[in-house]
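Take a look at the letters that make up each chain.
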Amino acid sequence: MSDAFTPLIRPAGLCGLLVSFGDSLTEPANRAALAFAAAVGRAGIDGIEECAPSLVSVFVRFDPLHVSHETLEAALQNVLSDQDWFAAPMPSGRRFIQVPTVYGGTLAPQFDEAAEAAGLTPEEALASVSEARVRVQTIGFAPGQPYLGLLPPDWDIPRQTNLTKAVPAGALVVAIRQLVLFSVSNPTGWRHIGQTGVTLFQPDKDDPFFLRPGDEVQFVPVDAGVLDRLKGDPDGGAKIEALT
Amino acid sequence: MSALIVHRIAPGATLQDMGRTGFIAFGVSRGGALDRTALSEGAALLRQDAGLAALEMPGMGGMFEATEYMRIALTGAPMRAQIDNAPIVWNASHALAKGARLEIGPVTAGSVGYLHVGGGFDAPLLLNARSAHLAAQVGCAVSAGDRLEIGADAGSDTGLSLPTDPRLSGGAIRVIESFQSHTYDADTRTRFAETEFHRDARANRMGMRLNSDGEGFFAQGGLNILSETIVPGDIQVTGDGTPFLLMAESQTTGGYPRIGTVIPADLAKAAQTPAGGVLRFAWVTRDEALAAEEKHRVYLSSLSKLCTPLVRDPAEIRDLLTYQLISGATDGTPE
């Protein structure tokens, strides 16, 4: 069954178009965005300089003096009509990654507060988050930084009204049924519930980004001593297996 | 390999080129020089490629020493500059002798100045670009004591100058509607274009806060907007109604609504607005924006023809000689 939302093509600045598959985050809309971005990449449409999926949209950058908005829009519309994008399969080459994570304590001081906001005891919250197998819905905001979801409905908690001044790289934060794993230290309105040792972005490597959209991730509880021993491993002790 | 030794440098100075494309999907915005027109001007003055890296200096320059003979050009926001204590002209190319000291002071107009070298700065290539992207922790700011390596220089021209482009004092900036503009009602969009904004002094490579008197600018539906792709030039409005102009090093996505987007042809002008300077936004249609883009590219491609030899006023030359005599005496003094 296809989603009720009709995909929209709208301008994003003078040199961009945004193809949107929803106005809120849903699993089919996210799936559509990932699959459509890959299809646009394969289509080799003249004039497209870059194509990037976000949560439920695909951004297409082009040179409007080389190809007109109308021409490009028609070409994108053509790809849109190829199939039901909301029912598209996930990208190929996906992986299942288990990331050692310290929940709560001094390394992740907002765990209890987040559990309370979700209406769960700390034990229930730990089980709920650490057993969830979440998917990378998009990489964005900062280099290699994933948005992961969806968590169970209990976790539909708002962002804090005040920003946390900074969480460290590798911080796992939660809000609105999503997790974000921070690639660099940044301020955030999301609550800091876990700490990992993963380095998400290594600019001097041939393959500089640890995660890709579509990857599935589980944040496995470990104690602080284990995380400490994993220092020096850019993967933070993560176990990676291919998904078929 | 020749190099420029940094003896003193203003905070926030970085090596910049045209930035890195193709990594939005991985959360890395394009970055690159805030004033790309300045990169083209430097390239025209040194008769080389506009993609080579230059030193971007926000507000103030520094003190540099050449390890070998090299060619330099100075573009963007004019700053007081001297070679071995003799004043030199901005928006021009010059020869820098081995051991010569180049001193670049504070801006006298605009916001960001550029120092180009023949052959370009040879910073390591990371994700297909040499530019530092501080927000992504790619590369870092230049600091005192650094030795900036310089690529092989195939050119030989110096002593060229370009007329000063009128982009250095802020003023009228053209904007087009983007995919979230409709979340602001027509009255709010009109008021936005009638408001005089001042560039906040805390502007950086990620963006500049636009201060104004009176009421803020509020989207219908508040802040329940899904995180979406940001393009450079987007004007995002935070929860308290304050607009921020997002620049080269912005995040790749953002959840605050955007009222409009500065057209690419006016981005360098917006970036060069001096601290406290005025910006006024004018809505234009897509066709007007495309015409502006075409005109801008024609201007960029005409730069090398617009270069003229520096003409020296005989009175000035005497003046320069005096400066050089003084500098000679100074150099003889042990430090």
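Nothing here was measured: the structure is a model prediction, and the numbers come from that model. (Residues numbered from 1 in each chain as written. Chains lettered and ligands numbered in written order. Predicted model: local features only at pLDDT ≥ 70, side-chain atom pairs only at ≥ 80, totals over all residues.)

**So, the interface of chain B and chain A**
Then comes step 1: Counting from both sides, the interface comprises 34 residues of chain B and, opposite them, 35 residues of chain A.
Then comes step 2: Of all the elements, helix H4 (residues 286-306) of chain B adds the most residues to the side of chain B that touches chain A, at six residues.
Then comes step 3: Of the residues assigned to the side of chain B that touches chain A, the class counts are 16 nonpolar, twelve polar and six charged. (Contact = placed C-beta atoms within 7 Å. Helix = DSSP H or I, 4+ residues; strand = E, 2+ residues; numbered from the N terminus. Nonpolar A, V, L, I, M, F, W, Y, C, P; charged D, E, K, R; others polar.)

**Topic: the nonpolar core**
Residue and element names in this part refer to chain A.
Then comes step 1: In this structure, Ala33, Val60 and Val173 are the most contacted members of the largest nonpolar core, which totals 163 residues.
Then comes step 2: Residue contributions to this core peak at eight residues, all from helix H1 (residues 27-43).
Then comes step 3: In this structure, Val60 is in contact with Gly16, Leu17, Val19, Val40, Ile48, Cys51 and Leu76, ignoring residues within four places of it in sequence. (Core = buried A, V, L, I, M, F, W, Y, C linked by C-beta atoms within 7 Å. Buried ≥ 20, exposed ≤ 12 C-beta atoms within 10 Å, placed from the backbone.)

**Section: the domain arrangement of chain A**
Residues and elements named next belong to chain A.
Then comes step 1: Examined at the domain level, chain A breaks down into domain 1 (8-87) and domain 2 (95-242).
Then comes step 2: On a C-alpha basis, the centroid separation for the pair domain 1 and domain 2 is 29 Å.
Then comes step 3: Counting from both sides, the interface comprises six residues of domain 1 and, opposite them, seven residues of domain 2.
Then comes step 4: Among the elements that line the side of domain 1 that touches domain 2, the one with the most residues is H1, at three residues. (Domains from an automatic or database assignment.)

**Here's the deal with the packing of helix H1 (residues 36-46) of chain B against H4(B)**
All names here are of chain B.
Then comes step 1: Contact pair H1 / H4: the axes reach a minimum separation of 8 Å and the direction vectors enclose 25 degrees. The angle between the axes of H1 and H4 places the two elements in the roughly parallel class. The hand of the H1/H4 crossing is right-handed. From H1, Thr37, Ser40, Glu41 and Ala44 reach across to H4, where they touch Leu300, Leu303 and Ser304.
Then comes step 2: The class makeup of the residues in the contact of H1 with H4 is three nonpolar, three polar and one charged. (Axes fitted to C-alpha atoms, helices over the stretch in contact; angles between N-to-C directions. Parallel < 35°, antiparallel > 145°, perpendicular 65-115°, else oblique. Left-handed = near helix turned anticlockwise from the far one by under 90°.)

**Some remarks on the environment of A:Thr161**
All names here are of chain A.
Then comes step 1: Note on placement: Thr161 falls in the loop between strand E7 (146-149) and strand E8 (164-167).
Then comes step 2: Assessed through the 7 C-beta atoms surrounding it within 10 Å, Thr161 is described here as exposed.
Then comes step 3: Put simply, Thr161 and Leu148 are 13 residues apart on the chain and 22 Å apart in space, counted from C-alpha to C-alpha.

**Looking at the sheet that holds strand E1 (residues 3-9) of chain B**
Residues and elements named next belong to chain B.
Then comes step 1: With antiparallel pairing, the six strands of this open sheet are ordered in space as E7-E6-E9-E4-E1-E11. The sheet is open, and its two borders are formed by strand E7 (86-87) and strand E11 (147-149), each paired with just one other strand.
Then comes step 2: Taken together, the four bridges between strand E6 (residues 79-83) and strand E9 (residues 101-107) define a ladder with antiparallel strand orientation. Bridge assignment links Ala81 to a residue of E9, and that residue is Ile104. (Pairing = 2+ DSSP bridges.)

**So, unusual backbone geometry**
Then comes step 1: Residues A:Gly149 and A:Leu150 are joined by a peptide bond in cis, for which omega reads -10 degrees.
Then comes step 2: In this structure, A:Phe141 takes a positive phi of about 75 degrees despite not being glycine.
Then comes step 3: In this structure, A:Phe141 sits in the loop between strand E6 (134-139) and E7.
Then comes step 4: Here A:Phe141 falls in the buried class, since 25 other C-beta atoms lie within 10 Å of it.
Then comes step 5: Positive phi, close to 60 degrees, is recorded for B:Asn91, a residue that is not glycine.
Then comes step 6: Mapping B:Asn91 onto the fold places it in the loop between E7 and strand E8 (92-96).
Then comes step 7: Assessed through the 20 C-beta atoms surrounding it within 10 Å, B:Asn91 is described here as buried.

**Quick look at the pairing of strand E9 (residues 171-175) of chain A**
Residues and elements named next belong to chain A.
Then comes step 1: For E9, the buried fraction is high: five of the five residues fall into the buried class.
Then comes step 2: Here E9 shows a buried face lined by Ala171, Val173 and Ala175 and a second buried face lined by Leu172 and Val174.
Then comes step 3: Pairing between E9 and strand E12 (residues 191-195): four bridges, direction antiparallel. Each bridged residue has a counterpart across the sheet, and for Ala171 the counterpart in E12 is Gln195.
Then comes step 4: Alignment of E9 against strand E10 (residues 178-181), held across four bridges, turns out to be antiparallel. Along E10, the bridge assignment pairs Val173 with Val180.
Then comes step 5: What sits between E9 and E10 in their antiparallel hairpin is a turn of two residues, with Ile176 showing a positive phi close to 35 degrees.

**Regarding the sheet that holds strand E15 (residues 207-211) of chain B**
Residue and element names in this part refer to chain B.
Then comes step 1: Taking strand neighbours around the barrel as the criterion, the seven strands line up as E13-E20-E17-E18-E15-E14-E21 in a closed arrangement whose pairing is mixed. Within the sheet, the average angular offset between the axes of one strand and its neighbour, ignoring direction, is 40 degrees.
Then comes step 2: Judged from the two bridges that link them, strand E14 (residues 197-199) and strand E21 (residues 278-283) form a sheet pairing that is antiparallel. Directly across from His198, in E21, lies its bridge partner Val278.
Then comes step 3: Strands in contact with helix H2 (residues 186-194) are strand E20 (258-262) and E21; relative to E21, the strand with the most contacts, it is inclined by about 140 degrees.
Then comes step 4: Each of strand E13 (171-176), strand E18 (243-246), E20 and E21 touches helix H3 (residues 264-271); the most contacted strand, E13, lies at about 140 degrees to it.

**Notes on the domain arrangement of chain B**
Residues and elements named next belong to chain B.
Then comes step 1: The domains assigned to chain B are domain 1 (3-162 + 310-331) and domain 2 (171-284).
Then comes step 2: Every contact between the two is made by 20 residues of domain 1 and, on the other side, 15 residues of domain 2.
Then comes step 3: For the side of domain 1 that touches domain 2, the per-class residue count stands at eight nonpolar, nine polar and three charged.

**A word on H1(B)**
Then comes step 1: Among the eleven residues that make up H1(B), eleven are buried, leaving the element largely enclosed by the rest of the structure.
Then comes step 2: Here H1(B) has its buried residues at B:Arg36, B:Thr37, B:Ala38, B:Leu39, B:Ser40, B:Glu41, B:Gly42, B:Ala43, B:Ala44, B:Leu45 and B:Leu46.

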